[in-house]
Amino acid sequence: MSVESAERATRLRQLLNYHAHRYYVLDAPEVSDEAYDSLFRELQQLEEQHPELITADSPTRRTGAAPSEGFVKVEHPAPMLSLNNVTSAEELEAWRERALRLLPAGVGLEYVVEPKIDGLTVVLHYVDGLFTLGATRGDGLIGEDITANLRTLRSLPLRIPVDPAVGPPPKRLVVRGEAYMSKAEFARFQAEQESAGGKRYVNPRNTAAGALRNLDPGVTASRPLDLWAYQVVAIEGGPVLATQWEALNYLIRLGFPVERSQNRLFTDYDELEQYCLHWGEGRDKLSYEADGLVIKVNDFALQERLGYVGKDPRWAVAYKYPSTEAVTRLLDIVVEVGRTGVLTPRAVLEPVYLGGVTVSSATLHNADYVAERDIRIGDTVVLKRAGEVIPQVLRALTELRTGQEQVWQMPERCPVCQAPVVRYPGEVAYYCENPACPAQLVRRVEFFVSRGAMDIAGFGARQAELFVKEGLIREVADIYDLPSHRQRLLDMEGFGEKKVDNLLEAIAASRQQPATRLLTALGIHYVGSTVAELLLGRFRSFAALAAATAEELSQVEGIGPRIAGSVAEWFRQPANQILLSRLEAAGLQMALAEDRPAAGTRSLAGKTFVITGTLPTWSREQATDLIEENGGHVTGAVSAKTDYLLAGEKAGSKLDKARKLGVPILSEEELRRMVGLA
Ligand code: IVH
């Protein structure tokens, strides 16, 4: 065993004990749960490999948290169960199959789906409509009496109003719900803490926990919390509730806050599955944090038959979305040169599993970002990945430093072409200003041939790099000269005859790509596919665009002065004029086809679409916008009324259903053609 492992274990132990104290005792954690968990796992692994490193004070020896003194214990009327997690459609299906197996054949299941609110379980007792007792979940059997603190929650009914339509409140009612802090409230609270120099909280849940378990209700009141109610735990002297859906509606009628906008009842399992697969995409937009969905068998009689194992009911399950934070080691910082010469520091990382993929690289944004956060090579760093964006390094865990870490600075010369690096006053970015810098050229070529641009199959970053290095490409227009270098290509390693011919064919075919794609491919600042559509939709040809002034360009709806200025400047540059004439000579489409309808025709009027799977270049929102702009509309489920299914990769049950019903299935490319975009 190395001295290094022993030292690392000691440091991890100290750090974890420190953070456990901050979390459990002080309610003031400094790192996220995910960061804590990954450090914990690292120590666990080290100890597994070297059991001699285990000490009595190792946090891995401790199960459960230190009990907090100061609150009166409360026994729950029924065990407060927790939930088993699933993280994929397959696991969800396995859960459902297990449930079906335990029930008599032929039983049809209905499911209620609710957000899994990331807050704290609270158990609320009402006697004759009066809020008499509120408790934390504790260990599931015994919680703590936090009634005084819960009274400060504005959305918690202190007395259930007597509503003639609903009848008198039940004699006794126990409701389970989640107390939480909204994201907005958390942001406000954090800003306040910062300016007052107070404790730092890492997330809304910890802040809510700290507020609820504070011995001074005044403190709780100063941190506004909210409530979502989701379960009737016990009821006496009230209506007989037969299903979860009924229970939710009953809670609404009694005046409890219930998350109606997100709760759903499903009778069709396929629809439930699709809902689970995609719900996570929109969860950032919720006003509170939710780390998944809870799926519950609707019928209470069936719930009872299914029962529970240990602490987990068989009748409910949590569908969790992958965590988005992890901790790993920063091995190096390299500088990348972008298409426009901007230099971006990139983190080279020890590979780590994050949000469903293994990550070994992350962005560090710019030199100021690295300096402000004092991120050093060799540091243990916290990573975050939100949605589809590239992972980013959030911060360094400075407590884990050994003294070997190195401070990083932006180099004074471009790492690729050695040209001096410049920075303009007031700008964050550093630039390599050498237009001939091979790195910039590689990026320009890579972008030009990419899927969203000229879409040349078999041509990617690797080929771009190689052809530039070999001197075959000095400017993007040289791509169309590659056929005259067939022999040289064949001589290159890894280029068989078939591969070369396929590539040359794809290059030749790309000449027919519409002018809008070419305009996008040029990588003019602010000109993406939408702007390219707008510009050519109006000017129709490159010649007309080149002749237009910034003023004229900005007359186009959707084109502001910034875009107009950038486009006009690009066309003014002699080098770009030469580039365009070469592309024209190579036979590319320099104008929109005459018969091509302008964007925005209502060619899909009255048609109903369903979208499934991952599309090659569009997000679901973009596809929906496009369909709607063209007069169609988008629904969630495939039925006999569906006109088309727009399907991408990893399409699931909707695709099967569409096939069964004979609904035509479209690719993104086909839809593009239908609306005249290709
Ligand atoms: S139902 C047996 N529904 O998630 C039913 N729980 O371990 C178990 N949670 O700590 C609870 N939102 O506090 C249920 N809509 C929801 C929920 C929810 C959040 C929490 C609950 C528990 C954890 C599951």
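One structure accompanies this document, and this report is about it. None of these values were measured; they are calculated from a predicted model.

Thresholds applied
Chains are numbered independently. Their residues run from 1 in the order of the written sequence. Confidence filtering applies because this is a predicted model: local features only for residues at pLDDT of at least 70, side-chain atom pairs given and counted only at 80 or more, and all residues used for totals across whole chains, interfaces and linings. Each side-chain value is derived from all of the structure's non-hydrogen atoms; neither hydrogens nor water enter the calculation. Criterion used throughout: strands pair if DSSP finds at least two bridges between them. Numbering of helices and strands runs from the N terminus, with a helix taken as a DSSP run of H or I at least four residues long and a strand as a DSSP run of E at least two residues long. In this description, contact between two residues means that some pair of their heavy atoms is separated by no more than 4.5 Å. Comment: axis = line fitted to C-alpha atoms, over the contacting stretch for helices; angle = value between 0 and 180 degrees taken between N-to-C directions. Only Phe, Tyr and Trp rings are paired, with Trp represented by its six-membered ring, and only when their centres lie within 6.5 Å; those with planes under 30 degrees apart are stacked, over 60 edge-to-face, the remainder tilted. Each residue is placed in one exposure class: buried if its accessible area under a 1.4 Å probe, protein chains only, is under 20% of its type's maximum, exposed if it is over 50%, and partly exposed if it falls in between. Patch definition: residues with relative accessible area over 30% and no salt bridge; like charges joined within 9 Å; nonpolar side chains (Val, Leu, Ile, Met, Phe, Trp, Tyr) joined within 5 Å. What sets the accessible areas is the Shrake-Rupley method with a 1.4 Å probe; for residues, cover comes only from the shown protein chains. A side-chain nitrogen of Lys or Arg and a carboxyl oxygen of Asp or Glu constitute a salt bridge if their distance falls within 4 Å. When charges are counted, Lys and Arg contribute as positive and Asp and Glu as negative, whereas His and the chain ends are disregarded. Each charge is placed at NZ for Lys, CZ for Arg, CG for Asp and CD for Glu. Grid spacing is 1 Å over the protein atoms alone, the probe is 1.4 Å, and a cavity is where that probe fits but cannot get out, while a pocket is an open set with protein on both sides within 12 Å along at least five of seven lines and lining residues have an atom within 4 Å of a point. Grid points are joined across faces, edges and corners, and a volume is the space filled by probe spheres set on the points. Each residue gets one label: Ala, Val, Leu, Ile, Met, Phe, Trp, Tyr, Cys and Pro are nonpolar, Asp, Glu, Lys and Arg are charged, and the others, such as Gly, are polar. The arc under discussion is defined with respect to the helix axis, by the directions toward the C-beta atoms. Polar contact is defined as a pair of N or O atoms within 3.5 Å, subject to the rule that within protein one atom must be able to donate a hydrogen and the other to accept it, and that residues adjacent in sequence are counted only when both atoms are side-chain atoms. An angle counts as roughly parallel when it lies under 35 degrees, as roughly antiparallel when it exceeds 145, as roughly perpendicular when it falls between 65 and 115, and as oblique in every other case. A crossing counts as left-handed when the near helix is turned anticlockwise from the far one by less than a right angle, and as right-handed when that turn is clockwise.

**Examining the sheet that holds strand E2 (residues 85-86)**
Turning to step 1, where the next piece is worked out: A sheet is described by the order of its strands in space; here 5 strands give the open sequence E2-E13-E10-E3-E9, paired in mixed fashion. In this open sheet, the two strands that pair with only one neighbour each are E2 and strand E9 (264-266).
Turning to step 2, where the next piece is worked out: Here strand E3 (residues 111-117) pairs with E9 via 3 bridges, running antiparallel. Opposite Val-113, over in E9, you have Arg-264 as the bridge partner.
Turning to step 3, where the next piece is worked out: Relative to the sheet, helix H3 (residues 89-102) contacts E2, E3, strand E10 (290-297) and strand E13 (316-320), its axis offset from that of E13 by approximately 180 degrees.
Turning to step 4, where the next piece is worked out: Along the sheet face, helix H8 (residues 244-254) touches E3, E9 and E10 and points at about 55 degrees away from the line of E3.

**What to know about the packing of aromatic side chains**
Turning to step 1, where the next piece is worked out: Per the stated rule, a full pass over the model turns up 18 aromatic pairs.
Turning to step 2, where the next piece is worked out: Here Tyr-319 and Tyr-321 contribute two aromatic rings whose centre-to-centre distance is 5.4 Å and whose plane-to-plane angle is 65 degrees, an arrangement assigned as edge-to-face.
Turning to step 3, where the next piece is worked out: With relative accessibility at 5%, the residue Tyr-319 sits in the buried group.
Turning to step 4, where the next piece is worked out: The buried category is assigned to Tyr-321, whose relative accessible area is 12%.
Turning to step 5, where the next piece is worked out: A centroid spacing of 5.8 Å and a plane angle of 40 degrees characterise the contact between Phe-467 and Phe-495, whose relative ring orientation is tilted. Of this pair, Phe-467 sits in helix H13 (residues 461-469) while Phe-495 sits in the loop between helix H14 (486-491) and helix H15 (497-509), placing them 28 residues apart in sequence.

**Comments concerning a negative patch on the surface**
Turning to step 1, where the next piece is worked out: On the surface, a cluster of negative charge is made up of Glu-90, Glu-91, Glu-93, Glu-97, Asp-270, Glu-271 and Asp-656.
Turning to step 2, where the next piece is worked out: Residue assignment for the negative patch shows that the elements contributing at least two residues are H3 and helix H9 (269-279).
Turning to step 3, where the next piece is worked out: Looking at the secondary structure, you find Asp-656 in helix H23 (residues 653-661).
Turning to step 4, where the next piece is worked out: Judged by relative accessible area, Asp-656 falls into the partly exposed class, the value being 44%.

**Overview of the layout of surface pockets**
Empty space among the atoms becomes visible once a probe the size of a water molecule is rolled across them.
Turning to step 1, where the next piece is worked out: As a volume, the second largest pocket reaches approximately 930 Å³.
Turning to step 2, where the next piece is worked out: Around the second largest pocket sit 30 residues that line it, and Arg-339, Thr-340, Arg-444, Trp-570 and Asn-576 are the ones nearest its centre.
Turning to step 3, where the next piece is worked out: Top contributing element to the lining of the second largest pocket by residue count: helix H21 (residues 574-585), with 5 residues.
Turning to step 4, where the next piece is worked out: In the lining of the second largest pocket, the residues fall into 15 nonpolar, 9 polar and 6 charged.

**Section: H8**
Turning to step 1, where the next piece is worked out: Taken residue by residue, H8 has Gln-244, Ala-247, Leu-248, Tyr-250, Leu-251 and Leu-254 as its buried positions. The buried residues of H8 occupy an angular sector of 160 degrees when the element is viewed end-on, so they sit on one face.
Turning to step 2, where the next piece is worked out: Buried residues along H8 sit in contact with E3, strand E7 (172-180), strand E8 (226-236), E10 and helix H10 (300-306).
Turning to step 3, where the next piece is worked out: Directly after H8, the chain includes Gly-255, whose backbone phi takes a positive value near 100 degrees.

**Observations regarding the side chain of Asn-149**
Turning to step 1, where the next piece is worked out: The topology assignment puts Asn-149 in helix H4 (residues 147-150).
Turning to step 2, where the next piece is worked out: Residue classification places Asn-149 among the buried positions, given a relative accessible area of 3%.
Turning to step 3, where the next piece is worked out: For Asn-149, the side chain forms a polar contact with the main-chain oxygen of Leu-212, separated by 2.6 Å.
Turning to step 4, where the next piece is worked out: At 2.8 Å, the side chain of Asn-149 forms a polar contact with the backbone oxygen of Asn-214.

**Section: the packing of helix H12 (residues 438-449) against H13**
Turning to step 1, where the next piece is worked out: It is the contact of H12 with H13, at a shortest axis distance of 9 Å, that shows an interaxial angle of 135 degrees. In terms of axis orientation, H12 runs oblique to H13. Of the two elements, H12 crosses H13, and the hand of that crossing is right-handed. Residue-level contacts link Pro-438, Leu-441, Val-442, Arg-443, Val-445 and Glu-446 of H12 to Ala-461, Ala-464, Glu-465 and Val-468 of H13.

**Here's the deal with unusual backbone geometry**
Turning to step 1, where the next piece is worked out: Of note, the phi angle at Tyr-526 is positive, near 70 degrees, even though the residue is not glycine.
Turning to step 2, where the next piece is worked out: Following the sequence through the fold, Tyr-526 ends up in the loop between helix H16 (515-521) and helix H17 (529-539).
Turning to step 3, where the next piece is worked out: The phi angle at Lys-650 is positive, at roughly 55 degrees, despite the residue not being glycine.
Turning to step 4, where the next piece is worked out: As for its placement among the helices and strands, Lys-650 is situated in the loop between strand E23 (644-647) and H23.

**Notes on the sheet that holds E23**
Turning to step 1, where the next piece is worked out: Pairing in this open sheet of 4 strands is parallel, and the strands run E22-E21-E23-E24 from one edge to the other. Across the chains shown, the open sheet's two edge strands, defined by having one partner strand only, are strand E22 (633-635) and strand E24 (665-666).
Turning to step 2, where the next piece is worked out: Where strand E21 (residues 608-612) meets E22, 3 bridges bridge the pair, whose relative direction is parallel. Considered in E22, the bridge of Phe-609 is made with Val-634.

**A word on the pattern of salt bridges**
Turning to step 1, where the next piece is worked out: Tallying each qualifying case throughout the model produces 27 salt bridges.
Turning to step 2, where the next piece is worked out: Measuring nitrogen to oxygen at the nearest pair gives 3.1 Å for the salt bridge that ties Asp-481 to Arg-582. In this pair, Asp-481 is assigned in the loop between H13 and H14 and Arg-582 in helix H21, connecting sequence segments 101 residues apart.
Turning to step 3, where the next piece is worked out: Here Arg-582 falls in the partly exposed class, since its relative accessible area comes to 30%.

Shape descriptors only; they carry no functional weight alone.
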